[in-house]
Amino acid sequence: MKVLLLLMFLVQSNLVLANAEVVEFSDESLRPRYQQLVEELRCPKCQNQNLADSNSPISKDLRVQVQQLLEEGLTDQQIKDYLKARYSEFILYRPEVNQATWLLWAAPVLFLIMGLLIIYRLYFRFKADSSSGSSSGSSDSSDSSTIEAASALNKDEQTRLDKLLADRK
Amino acid sequence: MNRLALFLPLALFVGLSLVLLFGLDKDPTDLPSALVGEAFPEFMLPTLQDETKLVSQQDLQGQVLLVNVWATWCFACRIEHPNLNELAEQGVVIVGLNYKDQRNAAKLWLLERGNPYSFNIFDDQGSLGIDLGVYGAPETYLVDADGVIRHRRVGVVDKRVWDSEFSALYQELTGKTPIIGGVR
């Protein structure tokens, strides 16, 4: 009886496994392209899932459609255009560069430039401050650390400080 | 100048908050439609009532009509159906697109709830659905006499939707003003 039950469970589990989607291609070289496409295309019904991850009926249909179009010999771009013509740009997880999206694409570069500018300005200001300090400071190299630390002082204060330090010697 | 620069983060915060605030009102399920202004896609499919009779996009041309995507498994279609009946009674031509459905269940539905459709395209594989970019029933398309899609609504067409999205355009195209929710 127990053996029979075990057998039944085994058969059952096989059935469950058989339910997983198997995609057959005439040419195995299509498979990686299929995989990339269904990962890059967005399910129109569910908000934040790609076709590969979604179990909604529309995603299943679209996966089949992508497979068929691949078999028909369309390029990746042609398949994307095909779906874009029907489901609008929404379906592309990697939006194309156009009037509405150029800012989106350019933003990382713009932010990088902005960051570099800020760093440059901060560095430049720091350098200008410290160089104005050292120009009025003593030529003694052992005092350079003192001068660095005191770079926040203005010129008059710096000369006073130098004088005081010189008097102590 | 430096004093003003201190307010920059605050200004950025306020700006971002405003953008997000306006974003709250947008419906994320409302996709931009790719087909408005385009010709109704070509198709060749049987009708619901007679599987030997084929219809195509040419059967949609020559008059202003609504194409309504529906199915018996679609719950919101039940809510929408009386509205379609009402529009049909006022002379609006409605073509049904029976989408991924069972033929018998769909026929029974029309017997039980009334049939507002001049005919039904039977698309059990959803092929025309893909060409139309259907992603959720019900959907309703306003198609002009040249067979060009002029408006698309994803979701139930009720009084509010008809008044705000369809009525003016329908009047412009036909000169008629059918209404939903009229006194009968």
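Residues numbered from 1 in each chain as written. Chains lettered and ligands numbered in written order. Predicted model: local features only at pLDDT ≥ 70, side-chain atom pairs only at ≥ 80, totals over all residues. Heavy atoms only, no water.

1. Side note on the state of the cysteines
All names here are of chain A. In total, this model carries two disulfides over all chains according to the counting rule given. Paired through a disulfide, C43 and C46 show a sulfur-sulfur distance of 2.2 Å. Measuring the twist about the S-S bond at about 105°, one finds the C43-C46 disulfide to be right-handed. In this structure C43 comes out as buried when scored by relative accessible area, which is 0%. (Disulfide = S-S within 2.5 Å. Buried < 20%, exposed > 50% of the residue type's maximum accessible area, 1.4 Å probe, protein only.)

2. Remarks on the packing of aromatic side chains
The tally for this structure, following the rule as stated, stands at eight aromatic pairs over all chains. Between F25 of chain A and Y34 of chain A, the aromatic rings sit 5.3 Å apart at their centres with planes inclined by 65°, giving edge-to-face as the arrangement. Accessibility expressed as a relative area gives 4% for Y34 of chain A, which makes it buried. With a centroid separation of 5.8 Å and 55° between ring planes, the pair formed by W162 of chain B and Y170 of chain B is classed as tilted. Both residues of the pair, W162 of chain B and Y170 of chain B, belong to the buried class. These aromatic residues form a ring-pair network of at least three members: W70, W109 and Y117 of chain B. (Phe/Tyr/Trp six-rings, centres within 6.5 Å; stacked < 30°, edge-to-face > 60°.)

3. Points about the nonpolar core
L83 of chain A together with F40, V67 and L132 of chain B are the most contacted members of the largest nonpolar core, which totals 71 residues. The residues touching L132 of chain B, leaving out its near neighbours within four places in the chain, are R86 of chain A together with L35, F40, P41, L97, Y141, I149 and R152 of chain B. (Core = buried A, V, L, I, M, F, W, Y, C linked by side-chain atoms within 4.5 Å. Contact = heavy atoms within 4.5 Å.)

4. Structural notes on the interface of chain A and chain B
Where the parts come together, the accessible area they lose is often given as the size of the interface. If you look at the interface, chain A gives 15 residues, while chain B gives 17 residues. A buried area of about 1300 Å², summed over both sides, lies between chain A and chain B, and 54% of it is on carbon and sulfur atoms. Summed over the three residues of chain A that lose the most area to chain B, namely D61, R86 and Y87 of chain A, the buried surface amounts to 37% of that side. For the pair chain A and chain B, the interface holds two salt bridges. For D61 of chain A, the salt bridge is made with K100 of chain B, and the minimal N-O distance between the two is 2.3 Å. For the pair chain A and chain B, the number of links is three residue pairs in polar contact (both at pLDDT 80 or more). Counting only elements with at least two residues in the side of chain A that touches chain B, the list comes to α3 (57-71) and α4 (76-87) of chain A. The residue makeup of the side of chain A that touches chain B, split by class, is eight nonpolar, three polar and four charged. (Buried area = accessible area lost by both parts, 1.4 Å probe. Salt bridge = Lys/Arg side-chain N within 4 Å of Asp/Glu carboxyl O. Polar contact = N/O pair within 3.5 Å; in protein donor to acceptor, adjacent residues only side chain to side chain. Helix = DSSP H or I, 4+ residues; strand = E, 2+ residues; numbered from the N terminus. Nonpolar A, V, L, I, M, F, W, Y, C, P; charged D, E, K, R; others polar.)

5. Some thoughts on the pairing of strand β4 (residues 94-99) of chain B
All names here are of chain B. Burial analysis of β4 places six of its six residues in the buried class, which makes it a mostly covered element. Every second residue of β4 is oriented toward a common face, with I94, G96 and N98 on one face and V95, L97 and Y99 on the other, all of them buried. Viewed along the sheet, the connection from strand β3 (residues 65-70) through helix α3 (residues 75-89) into β4 turns out right-handed. In terms of strand pairing, β4 meets strand β5 (residues 119-123) through five bridges, oriented parallel. The residue bridging N98 from the neighbouring strand is F122, located in β5. (Right-handed = clockwise from strand over helix to strand, strands pointing away. Pairing = 2+ DSSP bridges.)

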